[in-house]
Amino acid sequence: MKILLVCQCFYPENFRVNDLCREFVARGHEVTVLAGIPINRTTGKFWEGYSPKERIEDTFEGARVVRAYNSQRHHDAIHLAMHYFTFWLSGNKRARKLSKEEKFDMVFVYQLSPVFMAFPAMKVAKAQNIPLITYTLDLWPESAVNAGGITFAPVVKWIQRQVNKIYKASSKILVSSKEFKDRIVKAGHPADKIEFFPQYAEDCYKKLPKNPEDPIENEIPQGFRIIFTGNMGTSQSLETVVDAAALLKDYPDIHWILVGDGRDRDKVFEYSEEKNVTDNVHFTGRKPMESMSRYLAASDVALLILKDKDLFNITLPAKVQSYMACGIPVLGCIKGAGANAITDANCGVCCDVNGQALAEAALKLYNMTPEERQQLGNNAVEYSHSHFAKGKLLDRLENIMGELK
């Protein structure tokens, strides 16, 4: 099958769409990717070696990658909007050219934020009269309201109209959280068009034995290790970690290990200094995704945390799948879909999103025996294999695509 895979964010940016592309190619499909110019998420600037004049077309793991222009991604609202809309406009132009150059069997949108990245995909699907699958991982306009702070009613309504156009044009809407389906149906779209399709963990996420010889053992402090991995942004509520650490000063062997980077990293670090908990809250910086299983194996508990907001409560974060695949107990400072998955799997402890509740939940895990925590980790792996197995999910996706062709 000839697939046009559309996602503004693509390699060398680190998103799961890279792995999906790799798997499509490995399964014998011919893949063309329409993506934006990659952005360094820390600096907001173009990735080294890429610019509007360089590497407009390249390859990735056997797939052809066509780049549409997007501006650099600085954190203020105006530059973010420009980043989003420039890809929409440039992507439409590239889509028209692609429609004339190459005949596809299917268009697949890996729809992160912003939702507007789906419009170029719609152009190709309509021009060639082929199926369009939209994989909704960020729900709009909810994401614009909760994460972007957009509350001006006319703008929210305008976004909803654009979203409705995308969903109406889609042959199938896949959603990464069951709760997304209810919202989309309430917006007026048929339920039989929407299907829950959870994310899977990449192959590099797997359960590893604790290795005393691993250099990571000397990199992070000894004691009871609670680890967070990934983006350190405004959505993660990492100030709550600092508040919990401050409440647990009588337990100096409890260490909070924050692995990653993001726009809130410096803010959280400064807050940890203000609260005088730098002996217990540790910042490792960004690490390669391929090393995450080793960091998790060296730790006792993995932390899943998101602010208590409507959108986040109906989102099943991809970190759930990664943690479960690594067989580590999960401390879920989260409500809704994420908490439900942890509870269903019986693989950890959940709490409200505040420092007191997080401190109490951490103590609950701290006071368990190693055998009890190991059982939680075993439950996590078992649940991962039953619900988020990569091979099973990709087989199912191919069946969905085959039925639409």
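Everything quoted here is computed from the prediction, not taken from an experiment.

## Points about the pairing of strand S10 (residues 254-261)
Counting buried residues along S10, 7 of its 8 residues qualify, which places the element largely inside the surrounding structure. Running through helix H8 (residues 239-247), the crossover from strand S9 (residues 224-231) to the neighbouring parallel element S10 is right-handed. Strand direction decides the pairing type here: S10 and strand S11 (residues 281-285), joined by 4 bridges, are parallel. The partner of Trp 256 across the bridge, within S11, is Val 281. Each parallel crossover has a hand, and the one from S10 via helix H9 (residues 265-274) to S11 is right-handed.

## Concerning the side chain of Arg 73
Of note, Arg 73 is situated in the loop between strand S4 (63-68) and helix H2 (77-101). Notably, Arg 73 is buried but unbridged: the nearest opposite-charge side chain belongs to Glu 13, and the N-O separation is 6.6 Å. Non-local contacts of Arg 73, meaning those with residues more than four positions away in its chain, are made with Ile 39, Arg 41, Gly 44, Leu 80, His 83 and Tyr 84.

## Thoughts on the pairing of strand S14 (residues 348-351)
Residues Val 349 and Cys 351 of S14 are buried on one face, while the alternating residues Gly 348 and Cys 350, pointing to the opposite face, are not. Alignment of strand S13 (residues 330-333) against S14, held across 4 bridges, turns out to be parallel. Residue pairing for S14: Val 330 is matched across the bridge by Gly 348. Note that the unit made of S13, helix H13 (residues 337-345) and S14 has a crossover that is right-handed.

## Quick word on the pattern of salt bridges
Pairing between side chains of opposite charge can happen when the charged atoms of each approach one another. For the coordinates displayed, the defined rule picks out 24 salt bridges. Arg 16 serves as the salt-bridge partner of Glu 202, at 3.3 Å between the closest nitrogen and oxygen. Here Arg 16 lies in the loop between strand S1 (2-6) and helix H1 (17-26) and Glu 202 lies in the loop between strand S8 (194-196) and helix H7 (216-219), a separation of 186 residues in the sequence. In this structure Glu 202 comes out as buried when scored by relative accessible area, which is 6%. Taking relative accessible area as the criterion, Arg 16 reaches 16% and is therefore assigned buried. With its nearest N and O atoms 2.7 Å apart, the salt bridge here joins Arg 294 to Asp 214. On the criterion of sequence distance, the pair formed by Arg 294 in helix H10 (residues 292-297) and Asp 214 in the loop between S8 and H7 is long-range, its members being 80 residues apart.

## Considering the sheet that holds strand S2 (residues 30-36)
An order of S3-S4-S2-S1-S5-S6-S7-S8 is seen for the 8 strands of this open sheet, with the pairing classed as mixed. Both outer strands of the open sheet, strand S3 (57-60) and S8, are each paired with one neighbouring strand and no more. Across the sheet, the axes of successive neighbouring strands diverge by a mean angle of 25 degrees, strand direction being ignored. When S3 meets S4, the two strands line up antiparallel, connected through 4 bridges. Bridge pairing links Glu 57 to Val 66 in S4. Across the sheet, H1 is in contact with S1, S2, S3, S4 and strand S5 (106-111); its angle to S2 comes to roughly 160 degrees.

About the criteria used
Every chain's residues receive numbers from 1 upward, in the order its sequence appears when written. Restriction of local features to residues with pLDDT of at least 70 applies here, the model being predicted, together with a cutoff of 80 or more for giving and counting side-chain atom pairs; totals for whole chains, interfaces and linings are based on all residues. The side-chain numbers reported here are obtained from all heavy atoms of the structure, hydrogens and water having been left aside. Buried, partly exposed and exposed residues are distinguished by accessible area as a fraction of the type maximum, computed with a 1.4 Å probe on protein chains only: under 20%, between the cut-offs, and over 50%, respectively. Each helix is a run of DSSP H or I of at least 4 residues and each strand a run of E of at least 2, with the numbering of both proceeding from the N terminus. Handedness of a crossover is defined as follows: with both strands directed away from the viewer, a clockwise route from the first strand across the helix to the second makes it right-handed. Pairs of strands are assigned from DSSP output, requiring at least two bridges between the strands. Think of it this way: Lys and Arg go in the positive column, Asp and Glu in the negative one, and His and the chain ends go nowhere. Criterion for a salt bridge: a side-chain nitrogen of Lys or Arg within 4 Å of a carboxyl oxygen of Asp or Glu. Contacts are residue-level and defined by heavy atoms, with any inter-residue pair within 4.5 Å sufficient. Lines fitted to C-alpha atoms define the axes, with helix axes restricted to the stretch in contact, and inter-axis angles between N-to-C directions lie between 0 and 180 degrees.

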